[in-house]
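If you want the building blocks of each chain, they are given just below.
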Amino acid sequence: MDIKHILSAFFAFLVLINPLQKLFVVMSLQEAYSRDELSKIINCSNRTALEVLVVFLFAGEIVMNYVFNLQIYAFQVTCGFVLLYNGFMGLHKGVFLTFDGKTPVEDIITVPIAVPMIAGPATITAAVSMPSVYGTGIALSAITTAITINWIIMRYAAPITTLLTRYNILMPLIRITGLIVAAIGMQMIFSGVKTFITLL
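Residues numbered from 1 in each chain as written. Predicted model: local features only at pLDDT ≥ 70, side-chain atom pairs only at ≥ 80, totals over all residues. Heavy atoms only, no water.

### Comments concerning the nonpolar core
- By size, the foremost hydrophobic cluster in this structure holds 51 residues, and its most contacted members are F13, L29, I41 and I113.
- The dominant element in this core, judged by the number of residues it contributes, is helix α3 (residues 35–67), at 11 residues.
- When neighbours within four sequence positions are excluded, I41 is seen to be in contact with L29, Y33, V105, I108, I109 and I113. (Core = buried A, V, L, I, M, F, W, Y, C linked by side-chain atoms within 4.5 Å. Buried < 20%, exposed > 50% of the residue type's maximum accessible area, 1.4 Å probe, protein only. Helix = DSSP H or I, 4+ residues; strand = E, 2+ residues; numbered from the N terminus. Contact = heavy atoms within 4.5 Å.)

And the structure:
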């Protein structure tokens, strides 16, 4: 295995997953859910996201085209709107998600935490396309490592956010991240529309 290919695939997935955003997602959940519930959300959402990406890694085109009869542009536009909304929330209100604690844990693990926040259209597209570039083994290792790092950051979000608060950089960072997430959402929408128009 070429170390450059391994690192290239790993960093690509890590950037697409964007663990920094998940710090603020966990922070938004802390007020609504108990420690045990939050731990379940973190563990199950990362596991679900990993399972989704592995499925698309090995059978992406079959799943998209034959099981769901779903084109990637439709997935991009839909998830783009979800990320655009979440980014606007972070930019405007300083939180990425708002929950009153009445929403069952099981209802938010898969959507929106696992999909599209961790395994979004960009990471799913990468999971489908990367095996032809890097090989299945490297792509699988990159996905697993990136998800593991994302899980660690979410797991230790509390002390990390405490440190950021101490140096008065938490709120500016939330706003900047919100702007970036909203921009990513818009880019996904534009990419989906462009792909749709091209296929007409």
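On we go.
### Some words on unusual backbone geometry
- Residue P112 is reached from V111 by a cis peptide bond, and omega for that bond is 10°.
- By secondary structure assignment, the location of P112 is in helix α5 (residues 105–118).
- A cis geometry characterises the amide bond from V115 onward to P116, with omega recorded as 10°.
- Checked against the element boundaries, P116 lands in helix α5.
- Its identity is not glycine, yet N18 carries a phi of approximately 60°, on the positive side.
- Relative to the assigned elements, N18 resides in the loop between α1 (3–17) and α2 (19–30).
- A relative accessible area of 17% places N18 in the buried class.
- In this structure, N168 is a non-glycine residue whose phi angle is positive, near 55°.
- Tracing the backbone shows N168 in the loop between α9 (157–166) and α10 (170–199).

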